[in-house]
Amino acid sequence: MNIINCKNIVRDLEMQMADMNHSKVFVLTDEGSEKHCTAFLDKVSFDFQSIVLKDGDEHKSLDALASVWEFMTKNGADRESLLINLGGGMITDLGGFAASTFKRGVYFINIPTTLLAMVDAAVGGKTGINFCGFKNEIGAIIHADAVMIDTTFLKTLDEDNVLSGYAEMLKHGLISKTDHFTDLLKFDWRNINYEVLNQLVMDSNMVKQGIVEEDPYEKGIRKALNLGHTIAHAFETHAMKTGQALLHGRAVAIGIIPELFLSFQKLQFPSDVMRQVIHEVKDLYQPFFFSCDDYDTLFDYVKHDKKNSGDRINFTLLSGLGQVQINQHCSKEEIFAALDFYRDEMGI
Ligand SMILES: NC(=O)c1ccc[n+]([C@@H]2O[C@H](COP(=O)([O-])OP(=O)(O)OC[C@H]3O[C@@H](n4cnc5c(N)ncnc54)[C@H](O)[C@@H]3O)[C@@H](O)[C@H]2O)c1
Ligand SMILES: [Zn+2]
């Protein structure tokens, strides 16, 4: 994987492009990333055409994808064209898929501008769109020709989106054998030091890269990246159906707590580390409200998770920091106990 920690985005991007035999250049953004992250494009020496989508995951859609293909077709894109995806995960997911399918694949570079995209969405090759009410229903695994990381873009990102990205970093800290977890807990998110953050972003990104390189198609260890996500996806579906706002990363931060409790109960995950995570999540994230009347509904959503096989509900759990145990079966009773635990801890 070609991942560059940019010191000078204009120079670094032009150096990457010099190594490609590309023709026309297209830059894909959404309204938010266009507003906050395109100033550097005034200084580049290449010509390009801009495509701007509307913000929000509801626009990670077939219509928006078709509008990108249509723009490229009408503006002379050929098989050697280059699409630069400049934005959060919505843009890198949709843009990566657009590039990989247009004329069976053109060059593409991801320039992630949100924390979540820098540490997660823009790396690892998963691309796609939402379809028929299902998240990421259509897509492909295809790697960007380069991912350019410039953490100065994060200076304009709002707190909710910063914390959304942090949840994925926390997950990387828990599943890795490095000091990433300890380093993250020392970081002050209320008074961000951008130099330190740059190092943390690159470390987090390395955790994901390492796992993806070992298992690109999620046959085994890549499932480590699903820690916290089985319950998070159930919360996200519940939030969507009940009209509550819940960013993906916040759902992951919340989902990590019951899943660490399952790890503690079933695999002796150390309770002191679980306590540290609970303290961090309580300190930074608003709790997600639900009652025991919602357990059956949440359980139904858990049953629909992509990671299950047949009737077996599979979780990725931990037996210790960095000790990942995939395909861990959990019963309905165990899951309900974990939901009880979350509510008790949050006092809801
Ligand atoms: N492919 C993967 O492996 C993977 C992994 C995790 C998430 N995802 C996907 O990523 C998407 C979520 O990505 P996201 O959290 O980056 O959200 P997002 O792309 O929707 O961006 C969030 C908001 O921030 C704005 N924005 C972007 N950069 C900004 C900046 N520097 N300053 C100010 N505002 C800025 C955007 O315009 C948008 O309004 C979801 O679709 C999710 O499914 C994909
Ligand atoms: Zn995630």
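Our structure is the block above this text.
Owing to the predicted nature of the structure, the values given are computational and were not obtained by experimental measurement.

1. Overview of the overall build of the chain
Phase 1: On a plain count of helices and strands, the chain comes out with 13 helices and ten strands.
Phase 2: Taking 348 residues into account, the globule formula puts the C-alpha radius of gyration at 20 Å, and the chain, at 20 Å, falls close to it.
Phase 3: Principal axes of the C-alpha set define a box for the chain whose edges measure 60 × 40 × 35 Å.
Phase 4: Put simply, 73% of the contacts in the chain that link residues at least 6 apart link residues at least 24 apart.

2. A look at the site of ligand 1
Phase 1: Near ligand 1 lie 30 residues; those nearest to it are Gly32, Gly88, Gly89, Met90 and Thr114.
Phase 2: Sorting the residues of the shell around ligand 1 by element identifies α2 (31-37), α4 (89-101), α5 (115-121), β7 (134-141) and α6 (159-175) as the ones contributing at least two each.
Phase 3: Residues of the shell around ligand 1, tallied by class, amount to eight nonpolar, 14 polar and eight charged.
Phase 4: Structurally, the shell around ligand 1 is a two-domain feature, drawing no fewer than three residues from each of domain 1 (3-156) and domain 2 (159-346).

3. So, the environment of Thr101
Phase 1: Tracing the backbone through its elements, the reader meets Thr101 in helix α4.
Phase 2: Residues Thr101 and Gly139 lie 38 residues apart in sequence; the distance between their C-alpha atoms is 9.7 Å.

About the criteria used
Residues numbered from 1 in each chain as written. Chains lettered and ligands numbered in written order. Predicted model: local features only at pLDDT ≥ 70, side-chain atom pairs only at ≥ 80, totals over all residues. Helix = DSSP H or I, 4+ residues; strand = E, 2+ residues; numbered from the N terminus. Rg over C-alpha atoms; globule rule 2.2 N^0.38 Å. Contact = placed C-beta atoms within 7 Å. Near = placed C-beta within 6 Å. Nonpolar A, V, L, I, M, F, W, Y, C, P; charged D, E, K, R; others polar. Domains from an automatic or database assignment.

These figures capture arrangement, not role.
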